[in-house]
Amino acid sequence: MSSADIKSLGSFVWSIAELLRGDFKQSEYGKVVLPFVVLRRLDCILEATKQDVLDMAASLPDEMDDEARDTLLSGAVGQNIQLYNLSRFTFASLKGQDAKDIHKNLIDYITKFSGNVRDIFLDKFLFTDQLKRLNDAGLLYQVFDRFSQIDLHPDAISNLEMGYLFEDLIRRFSEISNETAGEHYTPREVIRLIVSLLLANDTDALTGSGVIRQVYDPAAGTGGMLSIAEMEMQALNDRIRVELFGQELNPESFAICKSDMLVTGHNPENIAFGNTLTQDAHKGKSFHYMLSNPPYGVDWKKYADPIKEEAAELGLEGRFGAGLPRISDGQLLFLQHMISKMRQDEQGSRIGIVMNGSPLFTGGAGSGESEIRRWMVENDWVEAIIALPTDLFYNTGIQTYVWLLTNRKDTARRGKVQLIDASGERFWKSMRKSLGSKRREIPEDACNEIADIYAKMLNGSSGWGEFSKIFDTTDFGYREIRVERPLRQRFEVTEEGLQTLNQNKTFLKLSDEARDQFNEVVWDVLGGANSTDPAAVEAGLKKIAGYIGIKLNVPLKKAILAAFSVRDETAPPQKDAKGRLIPDTDLRDHELVPLNEGWQDYVEREVKPFVPDAWVDESYTDVKDGGVGRVGYEINFNRYFYKYVPPRPLEEIDAELKTLEAEIAGLLQEVVE
């Protein structure tokens, strides 16, 4: 079926939703249409063997074990499908019944599915509630009749095409209800690119007999990534056995994904329902390939407690020991979760995940994000990062990136990271018609080219420096050192200083009499001092304290000094009682020293020539390695792929302005006339 046919089918199904107008909110259309599409798909698959299944059921003894019974009845369906239906009805026979009985008969049909399908319709789609609403509104038979006209048998529409149909429907429903289709769907060409990158150098390993590979998506959505991964692997080797695993939080998406697993012969129990980050349904399992498009820019505050507890209790033995990202974005939690499921044998694992730009550079040295990047890079898991074009996704036009990670790097890639800038016009084309925020797509030839650039590690020496660069892992690291400068100030009594002091909480704790006396005496004792000698100022303050009978404690002294101290670059550096230079916190600065350079050499070259009196605070150290400065990691694509665009000549700009002025003058003249 062509893409045009898929869109035509999507439009027909969408027209059915129009029947709901007035009785259902637009945001509720999907709750009716999506389960009906799944139901019709299953009906088309089961119709041919309906009588065989009923005959088999009648022949089985009542005391038979449920698991054995399910196996035999599913076997009667054939096609390696793990479901059956024991109702006497099909869509065809339901049409022959009295229209007023349609609600009762559809309930009979749905509740007599095998248990793994009943769960989809009753618990996840909550379909019986929608059927009742349709029946009460007098719409049920009309909606059912329209769906019965659609042929959704696999001979007419493949599993991949069903994915496209769901993609189109979810996008439409999301648009009218202001929801985000991108939370459910990743564009198919993006999935194909990720799969191509994951499999790029694995052709030999995937060929032959007896090959088994397990694929996992922790944010499975409707299962598009899993199904395309399987399809591409089977294209390399039709004898390969691919086992699919996933977990999904959204009930409708989970229901679609699980039904797809059922009709394609996969174990539906491998697709779990729930929050991957708090309820790991595949705990203890590891996988050959993992790929995902987790939600980005979505906070994890409401389920932060169990994540923080796991990180604190298990550390690196758990899933989140490397660090916790800021509460407003959980992408790096998903990536850490996937890394925890890498196989530790010689086959290892490969990960492909698409994220926005935040995980590349958000967070400074010592932050959760930086520590997670550090953990990944220092373990040499990051193989490549590919910048994708903007406007690829249905719900956002922002820049996205594909990260490739593995714990079985080839020798040539060890200690290296490849960055590929595939965001330029070379790698995308405009769509004839925008779909939400999606205005561009990656053509197949561009997808192949990106995969080729990655697979062959093409870079500047290969003539591909504009699009691909190879870096040492240490190139992304730095030490954030703290640079201090001495405090230089003088003590000067002023009216402004007195006003500031008389508003200070510590000074206000003195009695009214003591404050009044201080305000008078300070002028006589220190009013003309303008001193830069801390000892002289200290002696003066002690004299005042003794005169008015107050205790000159540390908080009070700090409040007075702060009120009357004036920064003076000509003053000598201030020192503490032990003769150590006192740093001026207002002048404190931080320098980022490349990880592969000594900080002393950096300071001599980049700091001392400009501020000779500066020094590095050597007590500001890294928690992990104890070295001076805190280690951080960031990957800034703009820095590595920056293209200078010279400004236009002034003559050209001037000529353009004169042309515009003439046009405006002409328009104004027309208005006057």
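Please read all numbers here as calculations on a predicted model, not as lab measurements. Along each chain, the written sequence defines residue order, and numbers are assigned to residues from 1. Where local features are concerned, this predicted model is filtered to residues with pLDDT of at least 70; where side-chain atom pairs are given and counted, the filter is 80 or more; whole-chain, interface and lining totals use all residues. In computing side-chain properties, one takes all heavy atoms of the structure into account and sets aside hydrogens as well as water.

Trainee: Tell me what's going on with the packing of helix α3 (residues 50-59) against helix α4 (residues 66-77), and back it up with residues and numbers.
Mentor: In the contact formed by α3 and α4, the axes pass within 8 Å of each other and the chain directions differ by 150 degrees. Classified by the interaxial angle, the pair formed by α3 and α4 is roughly antiparallel. Both α3 and α4 take part in a crossing whose hand is right-handed. Together, Asp52, Val53, Met56 and Ala57 of α3 and Arg69, Leu72, Leu73, Ala76 and Val77 of α4 make up the contact between the two elements. Inter-axis angles, ranging from 0 to 180 degrees, are taken between N-to-C directions of lines fitted to C-alpha atoms, where helices are fitted over the stretch in contact. Helix numbers and strand numbers start at the N terminus; a helix is a DSSP run of H or I with at least 4 residues, a strand a run of E with at least 2. Put simply, angles under 35 degrees are roughly parallel, angles over 145 are roughly antiparallel, angles from 65 to 115 are roughly perpendicular, and the rest are oblique. By definition, any crossing whose near helix is turned counterclockwise from its far helix by less than a right angle is left-handed, and any crossing with a clockwise turn is right-handed. The contact criterion used is simple: two residues touch if any of their non-hydrogen atoms lie within 4.5 Å.

Trainee: Lay out the nonpolar core in plain terms, naming residues and giving numbers.
Mentor: We call a set of buried Ala, Val, Leu, Ile, Met, Phe, Trp, Tyr and Cys residues a nonpolar core when their side-chain atoms join them within 4.5 Å. Here's how the labels work: a residue is buried when its accessible area is under 20% of the maximum for its type, exposed when over 50%, partly exposed in between, all with a 1.4 Å probe on protein chains only. Core analysis: the biggest nonpolar cluster contains 66 residues, and Phe36, Val37, Leu39, Leu106, Phe121 and Phe147 have the highest contact counts within it. Among the elements that line this core, the one with the most residues is helix α2 (residues 29-46), at 12 residues. Filtering out sequence-adjacent residues up to four positions away, Leu106 remains in contact with Phe36, Leu39, Leu94, Leu131, Leu140 and Phe144. Core analysis: the next-biggest nonpolar cluster, separate from the first, contains 48 residues, Cys257, Met261, Val354 and Ile420 among them.

Trainee: Describe in detail the packing of helix α16 (residues 331-339) against helix α18 (residues 368-378), supporting the description with residues and values.
Mentor: The interhelical angle for the contact between α16 and α18, taken along N-to-C directions, is 30 degrees, at an axis separation of 11 Å. By the criterion of interaxial angle, the relationship of α16 to α18 is roughly parallel. In the crossing of α16 with α18, the sense of the turn from one axis to the other is left-handed. Contacts between α16 and α18 involve Leu332, Leu335, Gln336 and Ile339 from the former and Glu369, Ile372, Trp375 and Met376 from the latter.

Trainee: How would you explain empty space enclosed by the protein if you had to name every residue and give the values?
Mentor: A cavity, in this analysis, means grid points on a 1 Å lattice covering only the protein atoms where a 1.4 Å probe fits yet has no way out; a pocket is instead an open set bounded by protein on both sides within 12 Å along at least five of seven lines, and a residue lines either one if it has an atom within 4 Å of a point. Grid points are joined across faces, edges and corners, and a volume is the space filled by probe spheres set on the points. Summed over all chains, the structure comprises four cavities of 30 Å³ or more. Roughly 170 Å³ of volume is contained in the largest cavity. Around the largest cavity sit 17 residues that line it, and Met162, Phe166, Ile256, Ser259 and Asp260 are the ones nearest its centre. At the level of elements, α2, α10 (159-176), α13 (224-236) and α14 (251-263) are the ones that each hand at least two residues to the lining of the largest cavity. Only Asp, Glu, Lys and Arg are considered charged, only Ala, Val, Leu, Ile, Met, Phe, Trp, Tyr, Cys and Pro nonpolar, and every remaining residue, Gly among them, polar. Split by residue class, the lining of the largest cavity holds seven nonpolar, seven polar and three charged.

Trainee: Give a detailed account of unusual backbone geometry, specifying residues and quantitative values.
Mentor: Of note in the backbone geometry, Leu126 takes a positive phi value of approximately 50 degrees without being a glycine. Along the polypeptide, Leu126 turns up in the loop between α7 (115-124) and α8 (127-136). Classification of Leu126 as partly exposed rests on a relative accessible area of 43%. With phi around 60 degrees, Asp380 is a residue other than glycine that occupies positive phi space. Turning to its location among the elements, Asp380 is positioned in the loop between α18 and β6 (382-387).

Trainee: Outline helix α6 (residues 102-111), supporting the account with residue identities and numerical values.
Mentor: For α6, the set of buried residues is Ile102, Asn105, Leu106, Asp108, Tyr109 and Ile110. For α6, the elements touching its buried residues are α2, α3, α5 (91-95), α7, α8 and α9 (140-148).

Trainee: Mind laying out the sheet that holds strand β8 (residues 416-421), listing which residues take part and the relevant values?
Mentor: Whether two strands pair depends on DSSP finding at least two bridges between them. Taken in spatial order, the nine strands line up as β3-β2-β1-β4-β5-β7-β6-β8-β11 in an open sheet, and their pairing is mixed. With one partner strand each, in any of the chains shown, β3 (271-273) and β11 (468-472) form the two edges of the open sheet. Strand-to-strand twist across the sheet, computed as the mean angle between neighbouring axes with direction ignored, equals 15 degrees. Here strand β5 (residues 350-356) runs beside strand β7 (residues 400-406); their pairing, made up of seven bridges, is antiparallel. Of the residues in β7, the one forming a bridge with Gly352 is Leu404. Sitting on the sheet, α13 touches β1 (212-217), β2 (241-248), β3 and β4 (289-292), and the angle it makes with β1 is about 155 degrees.

Trainee: Quick rundown of a negative patch on the surface? Include the residues and the values.
Mentor: Distance thresholds for patches are 9 Å for like charges and 5 Å for nonpolar side chains (Val, Leu, Ile, Met, Phe, Trp, Tyr), applied to residues having over 30% relative accessible area and no salt bridge. Here, Shrake-Rupley sampling with a 1.4 Å probe gives the accessible areas, and only protein chains in the shown set may cover a residue. Just to be clear on terms, a salt bridge is a Lys or Arg side-chain nitrogen sitting within 4 Å of an Asp or Glu carboxyl oxygen. Charge counting follows a simple rule: Lys and Arg are positive, Asp and Glu are negative, and His as well as the terminal groups are ignored. Lysine's charge is taken at NZ, arginine's at CZ, aspartate's at CG and glutamate's at CD. On the surface, Asp65, Asp66, Glu67 and Asp70 cluster together into a negatively charged patch. Examined against the element boundaries, Asp65 turns out to sit in the loop between α3 and α4. By relative accessible area, Asp65 is classed as partly exposed at 47%.

Trainee: Can you lay out the side chain of Glu189 for me, pointing to particular residues and giving the numbers?
Mentor: In this fold, Glu189 is placed in helix α11 (residues 188-199). Non-local contacts of Glu189, meaning those with residues more than four positions away in its chain, are made with Leu392, Lys438, Arg440, Glu441 and Ile442.

Trainee: Describe the pairing of β2, listing the residues and the values that go with them.
Mentor: Side-chain positions along a regular strand alternate between the two faces of the sheet. Among the eight residues in β2, seven count as buried, and that is most of the element. Taken together, the six bridges between β1 and β2 define a ladder with parallel strand orientation. The residue bridging Asp217 from the neighbouring strand is Gly246, located in β2. Considered for its hand, the β-α-β crossover made up of β1, α13 and β2 is right-handed. Relative to β3, β2 runs parallel, the two being bridged by three bridges. Residue pairing in the sheet places Glu248 in a bridge with Phe273 of β3. Looking down the strands as they point away from the viewer, one classifies a crossover as right-handed if the path from the first strand across the helix to the second runs clockwise.

Trainee: Explain the environment of Glu18 to me, and be specific about the residues and the numbers.
Mentor: Position of Glu18 relative to the elements: it lies in the loop between α1 (3-17) and α2. Distance in space between the C-alpha atoms of Glu18 and Tyr29 is 8.6 Å, their sequence separation being 11 residues.

Trainee: Explain the side chain of Asn237 residue by residue, including any values.
Mentor: If you trace the backbone, Asn237 turns up in the loop between α13 and β2. Contacts of Asn237, omitting those with residues within four sequence positions, involve Leu206, Thr207, Gly208 and Val211.

Trainee: Please provide a residue-by-residue account of the pattern of salt bridges, values included.
Mentor: A full pass over the atoms with the stated rule returns 47 salt bridges. With its nearest N and O atoms 2.9 Å apart, the salt bridge here joins Glu369 to Arg326. Of this pair, Glu369 sits in helix α18 while Arg326 sits in the loop between α15 (304-314) and α16, placing them 43 residues apart in sequence. Taking the relative accessible area as the measure of exposure, Glu369 reaches 5% and is therefore buried. Three or more residues joined by partner-sharing salt bridges are found here, namely Glu371, Arg374, Glu378, Asp622 and Lys624.

Trainee: Explain the environment of Leu73 to me, using residue names and the numbers behind them.
Mentor: Tracing the chain through its elements places Leu73 in helix α4. Filtering out sequence-adjacent residues up to four positions away, Leu73 remains in contact with Val53, Met56, Ala57, Leu60, Tyr84 and Leu86.

Trainee: Go over α8 with me, naming the residues and quoting the values.
Mentor: If you check which residues of α8 are buried, you get Phe127, Gln130, Leu131 and Leu134. Buried positions in α8, seen along its axis, are confined to an arc of 105 degrees and lie on one side of it. If you follow the buried residues of α8, they end up packed against α2, α6, α7 and α9. Gly138 sits one or two positions beyond α8 and adopts a positive phi of about 75 degrees. Relevant arc is that of directions from the helix axis to the C-beta atoms, nothing else.

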